[in-house]
Amino acid sequence: QVHLVEAGGGLVQAGGSLRLSCAINSVIHSIRSMAWHRQAAGKQREMVATLTNDGNTKYGDFVTGRFTISRDVAKRTVYLQMNSLKPEDTAVYYCTIHGISGFRTGDYWGQGTQVSVSS
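Here's a quick rundown of the structure. No experiment lies behind these values; they were computed from the predicted model shown.

Another point: the sheet that holds strand 3 (residues 18–24). Read from one edge to the other, the open sheet built from four strands follows the order 1-3-8-7, with strand pairing classed as antiparallel. Each edge of the open sheet is held by one strand with a lone partner, namely strand 1 (4–7) and strand 7 (67–72). On average, each strand axis in the sheet is tilted by 15 degrees relative to the strand beside it, whichever way the strands run. One ladder, built from six bridges, connects strand 7 with strand 8 (residues 77–82); its direction is antiparallel. Bridge pairing links Ile-69 to Leu-80 in strand 8.

With that settled, the discussion passes to the pairing of strand 11 (residues 113–118). Only one face of strand 11 is covered, namely the face carrying Thr-113, Val-115 and Val-117; the face carrying Gln-114, Ser-116 and Ser-118 is uncovered. The pairing of strand 2 (residues 10–13) with strand 11 spans four bridges and is parallel. Paired with Gly-10 across the two strands is Val-115, which belongs to strand 11. Pairing analysis gives three bridges linking strand 9 (residues 91–101) to strand 11, with the strands arranged antiparallel. Paired with Val-92 across the strands is Gln-114, a residue of strand 11.

Rules of the game
- Residues numbered from 1 in each chain as written.
- Predicted model: local features only at pLDDT ≥ 70, side-chain atom pairs only at ≥ 80, totals over all residues.
- Heavy atoms only, no water.
- Pairing = 2+ DSSP bridges.
- Helix = DSSP H or I, 4+ residues; strand = E, 2+ residues; numbered from the N terminus.
- Axes fitted to C-alpha atoms, helices over the stretch in contact; angles between N-to-C directions.
- Buried < 20%, exposed > 50% of the residue type's maximum accessible area, 1.4 Å probe, protein only.

Dropping the structure here:
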């Protein structure tokens, strides 16, 4: 069963912007936090941004004010607005939701969306 569907990735020039979205399947409830991670080729996965249910946010050090995580509760969608993109932001971006589906409480991951930034 697909729990999360990401969209919005693509190819953009350095300095450009992209907005990623993550649609959350209604089978996931009691969501405590949402996050975006990324993994570049040959590198370890790293946290990009997190948003807790009470509105607290945290960003990776490399973000330096360029990205914003947000949510639309009615649409059950999480967003990552990325501005001033750099070639080093090239990676597969994954949406993560911590919540409950059926009898399982834990982290649910999307399939990933490729972001490529050209110099």
